[in-house]
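# Residue-level structure breakdown
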Amino acid sequence: MGVSTAVTLSRPGDGIALVTVDRPPVNALPVQGWFDLADALRAAGRDPGTRCVVLAAAGRGFNAGVDIKELRRTPGHGALLGVNRGCHAAFGAVYDCEVPVVAAVQGHCLGGGIGLVGNADAIVASEDATFGLPELDRGALGAATHLARLVPPHLMRTLYYTSRTVTAAELHRHGSVWEVVPRDALLAAALRLAGEIAAKDGYLLRLAKAAINGIDPVDVHRSYRFEQGFTFEASLSGVADRLRDTFGNGAPRPEGRSGAEGANASSEEPS
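The paragraphs below set out a description of the structure included in this document. (Residues numbered from 1 in each chain as written. Predicted model: local features only at pLDDT ≥ 70, side-chain atom pairs only at ≥ 80, totals over all residues. Heavy atoms only, no water.)

Within the structure shown, the criterion is met by three aromatic pairs. On the numbers, 5.0 Å between centres and 50 degrees between planes, the contact of phenylalanine 91 with tyrosine 224 is tilted. With phenylalanine 91 in helix α3 (residues 78-96) and tyrosine 224 in helix α10 (residues 220-237), this residue pair connects regions lying 133 residues apart in the sequence. Of the two residues, phenylalanine 91 and tyrosine 224, both sit in the buried class. On the basis of an interplanar angle of 70 degrees and a centroid distance of 5.2 Å, the ring pair of phenylalanine 226 and phenylalanine 230 is categorised as edge-to-face. Here phenylalanine 226 and its partner phenylalanine 230 are both found in helix α10, four residues apart, which amounts to about one turn of the helix. Of the aromatic side chains, those joined through ring pairs into one cluster are Trp34, Phe91 and Tyr224. (Phe/Tyr/Trp six-rings, centres within 6.5 Å; stacked < 30°, edge-to-face > 60°. Helix = DSSP H or I, 4+ residues; strand = E, 2+ residues; numbered from the N terminus. Buried < 20%, exposed > 50% of the residue type's maximum accessible area, 1.4 Å probe, protein only.)

Below, the structure is given as structure tokens:
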């Protein structure tokens, strides 16, 4: 069954809930892991004592997306349908969380990781953080909705078509990453920002979150589900299986922008 997914909820400060994902080796989540993450985020936001949520991850990287091995070993389309629903639930739980969500990102943030941070209210990242969508190399589509919330439109398209990554410093220049810090200072920086937010009135924060979501020009739920239909089409066509079968077999990896590592930089396949 592979390595289990641990999603923990803790209270590191007044009004702050910390949701941490820990699934070695690269935090690639199976179907149930996405639902567990969604449940933890919803529970944190529902708690009347919570005024800000920090979403973090243990290990070398924030999130490597979907567990491709689970898709390979599960006959039929059950796993694909499950992970589609699970990702939609987890991304939506970040966006719909009743209070602001601060994402603390280190190392790789790929695929589903973009879906999570793209729906967050604020992002703090370590100096070694890289962000990208290797979907076209994995036989899938999706999360362009969320990448479009991090970078300008033409850059989003180029990153999507090439599977390249961008660094935390580049996203900071675009204004989508609030602060870039050394890795060992990441959690403290995220908690510091969360503490500043949590110092506000909790009732007013919830109103503010609902109001800001209400004026978004793009319906992220509908937009992402539209993308997922094409992921399923890719699976039915057979191209998805063909590309997944080449994953991890020594295929060339693209170089990232500005010397960053490629979007497929994790040499260790999700387990």
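Considering the arrangement of structural elements, one finds serine 235 in helix α10. Apart from the residues lying within four places of it in its own chain, the contact partners of serine 235 are His77, Leu80 and Ala240. (Contact = heavy atoms within 4.5 Å.)

The next thing to look at is helix α9 (residues 202-214). In this model α9 runs 18 Å from its N-terminal to its C-terminal C-alpha over 13 residues, within 8% of the 18 Å that 1.5 Å per residue would give. Among the residues of α9, Gly202, Leu205, Arg206, Lys209 and Asn213 are the ones counted as buried. On an axial view of α9, the arc spanned by its buried residues comes to 100 degrees, and they lie on one face. Residues Tyr203, Leu204 and Gly214 are exposed on α9 and point more than 90 degrees away from its buried face. Among the structural elements, α1 (31-46), α3, β4 (101-105) and α8 (186-198) are those in contact with the buried residues of α9. One side-chain oxygen of the residue at the start of α9 lies 3.1 Å from the amide nitrogen of tyrosine 203, identifying that residue as aspartate 201. (Expected span 1.5 Å × (residues − 1). Arc of directions from axis to C-beta. Polar contact = N/O pair within 3.5 Å; in protein donor to acceptor, adjacent residues only side chain to side chain.)

The next point concerns unusual backbone geometry. The general pattern is negative phi for most residues beyond glycine and trans for most peptide bonds. That bond from proline 24 to proline 25 is cis: its omega, 5 degrees, falls within 30 degrees of zero. Assignment of secondary structure puts proline 25 in the loop between β2 (16-22) and α1. The phi dihedral of alanine 143 falls on the positive side, at around 70 degrees, and the residue is not glycine. Position of alanine 143 among the secondary structure elements: in the loop between β7 (130-132) and α5 (144-147). Residue classification places alanine 143 among the buried residues on the basis of a relative accessible area of 3%. Positioned with a positive phi, serine 163 is a non-glycine residue whose angle comes to about 65 degrees. Mapped onto the fold, serine 163 is located in the loop between α6 (153-162) and β8 (165-167).

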